[in-house]
Each structure stands twice: as structure tokens, then as C-alpha cells.
Amino acid sequence: MAQQLAMVIDAAKCIDCKACVAACKVANSVPEGQFRNWIKQADDAPVPGKASGKAKFQPGACMHCDNPTCVDACPTGATYKDPATGEVVIDHGLCIGCGNCLPACPYGARFRNAEKRKADKCNYCPERRAAGIPPACVDTCPTKARVFGDINDPESEAGRLYQKNKDQLARVTARTDTKPNMFYIGDPGTPDWGGEAVVPASMVAMKQTAPLLKAVVGLSGLGVLAMLGRQLIAGSGDHKEDTDA
Amino acid sequence: MSRRDFFKASGLVAAGALGGPALLGGLKKANAAVPAPAWDSKFSACDICFNKCGLIARVEDGVVKKLDPNPKFLKSRGMLCARGNAGIAQVYDPDRLKHPLLRKGARGEGKWQRIPWDEALDMAAQKMEEVRSKYTPCGHLFSAGTDLHSQFVGRFAEVYGSFNVTSHESLCLVSGNRAFLDTYGEVPFADVLNSKYIIMAGANRFEALVTPDSMDLMTAIRENGCKLVTLDPRYTKTAALSHEWYPVRPGTDMAFMLALAHVIIAEKLYDPQWIEEKTYGIEMLAEHVKQYTPGFAAEQCSIPAEDIARIARELAAAAPAAMIYPGRRTSDYENSTQIRRAFAIVNGLLGNWDKPGGLLAARAVGLKGVPYDAPWYDENQEDRIDAHKVPMMFEHEGSFLVTRDAVLADDPYPIRGWFIYKTNPMGTAPNRKKTIEMMNKMDFVTVVDIAMSDTAWMADLVLPSQSYLERTDPCSGLQGSVACACVVKRDPIIEPMYESRSLFDVMKGIAGRMDLGEYFDFTIDEYRRKQTRDIPEALEVMDRDGVYYNPSKVYGIYEGRIYKTLSKKIELYNQRYEQMGLDPMPVYTEPTKVPKNQFRLVVGRDALTTQTSTANNSLLHQFNPANTLWLNTESAKRLGINDGDLVEVSSPVGRQELAAEVTDKIRTDTVYMLSGYNTLSTMQTLSHNVGASINELLDDDYDTVTGNASMHTTFVSVTRKVA
Ligand code: SF4
Ligand code: SF4
Ligand code: SF4
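Residues numbered from 1 in each chain as written. Chains lettered and ligands numbered in written order. Predicted model: local features only at pLDDT ≥ 70, side-chain atom pairs only at ≥ 80, totals over all residues. Heavy atoms only, no water.

Caption draft 1: Quick look at the pattern of salt bridges. All names here are of chain B. With the rule as written, the count across this model stands at 63 salt bridges over all chains. D460 is paired through a salt bridge with R103; the nearest N and O atoms lie 2.6 Å apart. Linking D460 in the loop between α19 (454-457) and β17 (461-464) with R103 in strand β4 (residues 101-103), this pair joins segments that are 357 residues apart in sequence. Comparing D460 with R103, the two get one shared label, buried. Among the salt bridges present, the one from D122 reaches R513, with a minimum N-O distance of 2.6 Å. Placement of the pair is D122 in helix α5 (residues 117-135) and R513 in helix α20 (residues 503-513), with a sequence separation of 391 residues. Residue D122 is classed as partly exposed on the basis of its relative accessible area of 41%. (Salt bridge = Lys/Arg side-chain N within 4 Å of Asp/Glu carboxyl O. Helix = DSSP H or I, 4+ residues; strand = E, 2+ residues; numbered from the N terminus. Buried < 20%, exposed > 50% of the residue type's maximum accessible area, 1.4 Å probe, protein only.)

Encoded structure:
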């Protein structure tokens, strides 16, 4: 079986310390005020005594989905799902910074890197993996709530946790079910903060036609060039229009 | 064929070429592994708080790119928190001090002149000589924070001849240390990992991180079925993750603890044999706690009596693998030592001393001290300036607040010089105005730090120190829980930046100019070899693993050993206190009622903050750009304050403005803000003029036994600021 890199997170262990967020920012030079990962908190009204809220903190990031709507929305093929590892990759050489993929992710995992002016999101820290060490957020987590690895490999910690807890693993549900590869042990709270994927109509059309045609439509439909043009013209200005589907 | 492949194959990549050469990367095989960075990996230990977590610095071309946890470092359980990760931002902070600076204008005016190091050291030495000859050696005060070089400040003070050395500890934890020391004969570590029942009162372990306790607490809960009960006027992250949380009325924890003792004794839930053999004073304690029923405590604490009784029974049932967590920041009330004695006594009843899941004795780490003979000065004062003002002060820590009052009053003698290393009393001691007054009293103040803290801002001479990644540090022994008794050291990870020098070199330089050179006539390497003379393999092991473990015993250390107390047992009843006229057992007094329309201001931390030293950190600043005033929804409504409104907070000693955070996570009679903000120093560009300084507001009461600041005795008024 091919690999499926994923995170298996014990949400009940998360103390909302933000170490993972800080580590990710340093490891990946994420610009000021932008983030590749986050902790969501269920709205827990504090209840004194035994009924005490038991807050739920939910660590998150791009979930490298099985049905990645961000891939559908990408006009250049810069965003794609790597069949060998199951990662959803952004090839920055091909990314034109059009921003189509931002609203296409129902979890808000993507942002436009303010410095690089390209799409950005969690990439499972490939440089670190090449150096033989875990992704920054996983490595640094005080309670080891975040576990990363190939869930198809029963020898890996992630695979072991995945197999062991298979029946009770939770996923974040969104109105568009992208089949995320981020699995929660225990109750992650706020399961439904995902929204709806907004994929540009032209890209949806591409997905529905034959693969080759799809691409031709995408290109000849001026989607790519138009968006490329916008990116170049808009410069560092506001890119709100890019999010229109 | 995927779109991506098509896009490339179709030659349309040219369109993308407009995007620059980066496109070439896209032509690589989709799976082409990214090359590993050309890192050099070097061991060190974190210095953004006091924990000293083990880390590995990833260095490229002499620049630190990332700080990662050292997986072999058991004390920190192979983790690095947000602050640890933000260490890079501290080291490369553009606001760092770069050269020696001499004050030009009035104190605090911010006019500085860059001077060469030689001139700076000459001046420091000359001024210190002047103070010594004019006011005796004790006329000079020395203050140092928690740092591996801080011991050299103590060494310098001693050979210079001054007893007046203060640390940060009397603004933090000495009353708790006193209480446990006077009960057990030493200050224990908590075996959180193996505990089955933990009561957390006056500590917030999931935010104010202490390694390994914070990590172990989660493992204990999640993997070992440990139950956590938290008492806190705030719904902290710890409270939020507890099985039970009680918004206790501030200042009443002692009543709760005495009621636990009441139930445990009345229902004979303790191990009679253990109590008989190991403790002193059970009969007196039984008599004493008769009055403190759960009903009584319920009224004081606003916690239901049946819950108190039930918790006592559950706690006793889980004993000895159960504990009242000792906590750390114990500076809260004027009777803090007695409050913490109540904690220690309940632990005594649980029989958890020296046992799994209970309180542990210190383990042998293996390091040795490096002794020296200090010269004698006939003309000197007899004692510290803060001596005899409270009965049980820790000699080597002193009391900052008592010292400050004594300095202001010249009582019993004048102090006119002050040397400060890596601590920031302007930002950490209550009643900031008084600290300014104290500064103004000084002839000459020298500060060694990496940043222009508010304390440096008020000084005469400011010397740039090396950060923890730039210097050679002596060895340090660490321990905690069952994790380890270990030794760490720090070697330079990068070249020292700017003109920074280590504190040791500064001390050496000043000492050499004062005829005290012989006391600093060694290198840190030589010093380390002396420290490790009993464990000669340690230095090599540290080079290999970043840490050395001493294979010392964890449990049962006290088997066949006597306790260092008067009764040679665990003192439920303290004989020494009795002799000194102090309450031998904690006597509950009700805290002052919060005046109508006022609030009790409480202090606290989150996992992203270390007092004043992180407020100007550019990474952490993104999480906490300014502090806010936590104000209960109901109270806010009564005052017509909305979330985010600017409010004015006023106390008997000062007033500040900041935004209100209207929340249900705090009692109606209590308000809270983070420390570290609104610095006076404009050279702390992120924290200057942002939020509010809590120390401008806090009044300067202290614990009557130890002189530890009492940070929870200030009442404030809150009003909406009309624009
Ligand atoms: S989480 Fe969002 S960005 Fe990540 S793969 Fe799924 S849809 Fe794409
Ligand atoms: S795996 Fe790497 S990129 Fe992804 S969230 Fe964690 S640190 Fe960030
Ligand atoms: S580092 Fe771990 S515990 Fe801390 S917020 Fe992230 S996932 Fe939660």
C-alpha cells in the first residue's frame, strides 16, 4: 500500500500552549501575523465543580485530504496530491499566487504568504524529514499530542495509534467533506468548524471533463492567464477579488 | 495525465517563467525529496524561563535557524515550549543592547552615550570602590536573576564584602519553600507522573510550565487515570482541563486545606502506623482542625461542603499516590508561609513523602561547589540591611521588598550602589514608583543585561551581556520528579553578537580593577572541571548527549534517615515556630473583604510569557500583543464596560489603562492581567506604551514570615475610560 502521511492527534492531551504554532512559524519562516497551524477551542462556558467544562482544544493545520478541494481549484497544477506519500503539495514554482485555493479549502488551512506572494500551508516540514527529524510542531509539542507519520505503516507511531483507535477516531467535518487525513483521538470538540469549499466554476468544469480536456479548458478558458495577469498586476495590493468563485 | 503534468508538458511553463527561476523546481520529479538543510546541530539549554530545557540548535553559516527539543533531555520530556521556540527572536532582537552605554540625561530620560568597554569597566570599578569606602562594603547592593552566571554576582558581592544580595525568589516562591522546608526539612519535588489524585491550588501548571511537572500532569491524567482538582479564581487552561474546578474565593485556600485535614483526621483516613512513626504532632493537629469543618470552609471558600468532604475522602483513598501540589509562585498573601504550611500538612497526613506519586526528596546530582575564602572587612556592617525584619527570611535570597524599604529609610545604614544582572525589579516588584525612588537614592547603578529593561533604563551604566546561545556557562544540576537528576552546560552556539560580553567576563574585568582579581582567576572550563570532579565522565557525556544523568535513587531516600527538623520527623506541629512565637500550626484568618465596587487584582501567567522578559519578543508578541484586564461579564455589565473597552484601573499606589476582556472565566470580585507590559523603556519597542504595567498597580505588602511579596492583596477600581 502506498504511504499516507497523516497526523493522529490526541486532542485530549492538548493544553493550548501554542508551542506547535511558534515552532512552525520559526521552522518555516512564516511571516508575521500568518500561521500554518492553529489550536481551535470549543466554546466552553466555565462550569464550577464536578461538571467543570472539560475544555477541548483542537490542534489543526492542513489535513492533506483524500479529496482535496484545493487541488480542484488550482488552475496551474501547482497544488497536487502526491500519490506516493498522500501529501497535498504546493509546487511553488508553479504557483502563480492566484488565491483560488484559499476559499477552496473548507478549513481555512491556506493563506497567501505575504512575503512569497504564493499559496502557503502546512507541508509536513519536508526539510526536517529529510534531516531525519519530525515536523517542527510534532517535535516540540510538550504533551506529544501531535503524532505524525504514515498511517498505513503499522510499525510507525502514527500507524499504531491509527490502528489501535480506528473505531473512535474523529475527523473534522465540513459542509464539503474532503476526507481529511487528520485524525483525532478523544473528543476534539468543535467538530464542525469546517465550512464549504468554494471552487471556481471553471475549475469545477475542468474536473468534470476528461483529464486532458480539463487542462485545456483551464488554460484556453483563460482562467490561468487571467489569474496570472491579475497576480502580476495586483502586486502587493488587496487580493480579495481572487476569492470570488 | 493530471493538469499539473499537462501544464508542464504543454510547454506553457513559459507563462510561469514570468514568476522567476523558482519555476524550475516545478520540473523536478514530483516526489523528489527536498534536500536536508546544511545544518550544524549543537546542544544547549533554554534560558527563556528558569526551567533550562534541553535543546538542539540548528545552525547554518553561523546563524541559528531553529531551536529544537533535545529528545534525550528527560527533565523537559523532549519538548520545547512556545517561549523556547521564540528564543531565536530574543537573540536576534533588533532592540538588543549592543555596546556599553552611559547615562547622559536624568534617570529614565533615555539619553545615552556609547562608551568603550575599558572605560565602562574602569568606571564601574571606580564607582564601586567609592561606594565601599564611603558607605562600607554593605553599602552596595547586588541583585541577580536565575541564570547560570548569577552565582558569579554572589561571588563578587562576597569578595567585595557585601551581604546585600537579593534574587528574584522573594518576589516568587520563598514562602512556599519555607513552609515545606519547615515541615519536611527540605523542599520537595512532586512526583506528578505517578500520582493518582492531585489537588492544584495556587498553581496553573498547564500554563505556567514547570518541567517535568506540566508534561507529567497530562500523562498522569490521560494515561494513568489520575484525577485533577483545581482551585483557582480564574478558569485557567489548567482549570479547563481538570476533572473538577472550583472558583475559590481568593485568600481562603488555607480554610480548604484545614477542612481536608479535618475530614481525614475525623474519619481516620490516614495510615496510623506511618503517622506514628514519621510525623510529629498529630494530636495537636487533630485538636487544632476540629473547628475547621467542611461547613466552615464552604462558607469561606465558596465551595460546597459536601464537595470538600468528598474530595478529602477521595484524596485519602488514593494516598499515598496523592498530593496537594506544592506549587511554586507562592507570593500571594501576608500569611503565605502559613497558607503553604497547610498544604504541606495535608501532604503529611497523606503519608506521600518519599513515595511514588507523592512528594520526593532531592536527589544527588553529582556536582560539587567551588569554594573560596572571601576577605574580611573590619569596617563592615554586621548584617544584611533586611535582616531581623521578618523572622524566617532566606539568608541567601533576601527579601527584595524589605530591602527596598530599608534602602529608602537608610535603616539601619545607607546603600548607595546597586549592581543588577538579568533581573528586572522595575518590572517584577510591586509598587514600581517605590523602585524608582530606590533607584533615585543610588549614587551609581550598573546593569548587565541583553535588553534595555526598565531597570536598565533607570541605571547609570548599562553593559550588554551575551545571550545564552553565545557564551560558555558553568554546569548546572537539575532535577524534577522521577525524571532525572541531571547536569547541563552551555557552550557558544554562535559568535557573540555586537560588543556583548558574558557576566563572568564583566565580573572578572571589574574585580581585576579592584584588586579582587584572584577570586576570578580561572576560566569557565576550569570551573566546570572543578564542579564535575566527582563525575569526571560528565563533561564528555554532555558533549555527546547534551545532558548527563546521575544514576541516583528516586524513592526511599529517607529510609533510615532522619528529617532535618527539630523533632527529626515531619512536623505537623512546628516546634521551632512555637519557640519563635509563630503559629506552630496554620491559623486561619479571613482575607480582607473586597470593598464594594472594587476588585482583587491577581497575578498569573500563560504559556507564552515569562514575566517582563518576553513582552518584547517579536514572535511571542504576535500571540499576546498587549495585556488585557480580565473582567467578569456580570461585573462589566454593572460598570457599563464592553469587551474591548479601554478601562482605567486604579489602586492605592498607581493607575493604568488597558483594554477590558469581558469574560466568564473569572470571579465577579476578581480581575487579572498579564505582567510585563507598558514598559517605560522606549528601547523595548514592542512593550513600551502597550497595555498596562501590573507593578505600577500592585501594593507592596509582604509575607510576615519570609518577606516574600504578597501579590494578591491589592484592591483596584475599574472605570470605563471615556475617550
Ligand atoms: S485541508 Fe484544505 S488545503 Fe489541506 S488538503 Fe484539505 S482542502 Fe487542501
Ligand atoms: S508539519 Fe510543519 S508545516 Fe505543518 S503545521 Fe507542523 S510545523 Fe507547520
Ligand atoms: S504544542 Fe501540543 S499541547 Fe501545545 S498547543 Fe500544540 S498541540 Fe497543543
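After that view, the rundown keeps rolling.
Caption draft 2: Summary view of the pairing of strand β22 (residues 599-602) of chain B. All names here are of chain B. Taking every second residue as pointing to the same face, both faces of β22 are buried, with F599 and L601 on one and R600 and V602 on the other. Sheet analysis places β22 next to strand β26 (residues 670-672), joined by 3 bridges and oriented parallel. Its bridge partner lying in β26, V602 is registered against Y672. (Pairing = 2+ DSSP bridges.)

Caption draft 3: Examining unusual backbone geometry more closely. Residue and element names in this part refer to chain B. For the peptide bond that leads from T211 to P212, omega is 0°, which places it in the cis range. Tracing the chain through its elements places P212 in the loop between β9 (197-201) and α8 (213-224). With phi around 50°, D61 is a residue other than glycine that occupies positive phi space. Checked against the element boundaries, D61 lands in the loop between β2 (54-60) and β3 (63-69). With a phi angle near 50°, K422 is a residue other than glycine that sits in the positive phi range. Within the element layout of this structure, K422 appears in the loop between β15 (417-421) and α17 (425-428). Judged by its relative accessible area of 25%, K422 falls in the partly exposed class.

Caption draft 4: Seen up close, helix α7 (residues 174-184) of chain B. Residues and elements named next belong to chain B. Counting buried positions along α7 yields 9 of 11 residues, so the element is predominantly enclosed. Residues of α7 that are buried: V174, S175, G176, R178, A179, F180, D182, T183 and Y184. Here the buried face of α7 lies against α15 (336-350), β14 (359-360), β21 (570-571) and α23 (575-580). G185, located one to two residues past α7, shows a positive phi value of around 90°. (Contact = heavy atoms within 4.5 Å.)

Caption draft 5: Structural detail: the site of ligand 3. Near ligand 3 lie 13 residues; those nearest to it are C14, C17, K18, C20 and C141 of chain A. The class makeup of the residues in the shell around ligand 3 is 9 nonpolar, 1 polar and 3 charged. (Near = heavy atom within 4 Å. Nonpolar A, V, L, I, M, F, W, Y, C, P; charged D, E, K, R; others polar.)

Caption draft 6: Looking closely at the site of ligand 2. As a matter of local geometry, ligand 2 sits amid 13 residues, with C24, N28, C122, C125 and C137 of chain A nearest to it. Its residues assigned to classes, the shell around ligand 2 comprises 9 nonpolar, 3 polar and 1 charged.

Caption draft 7: Molecular detail of empty space enclosed by the protein. Residue and element names in this part refer to chain B. Applying the stated criterion across every chain yields a total of 10 cavities of 30 Å³ or more. By volume, the second largest cavity amounts to about 170 Å³. Lining the second largest cavity are 17 residues, with T428, V603, Q611, S675 and M711 sitting closest to its centre. Split into classes, the residues belonging to the lining of the second largest cavity amount to 7 nonpolar, 8 polar and 2 charged. (1 Å grid on protein atoms, 1.4 Å probe; cavity = no way out; pocket = protein on both sides within 12 Å on 5 of 7 lines; lining within 4 Å. Points joined across faces, edges and corners; volume = space filled by probe spheres on them.)

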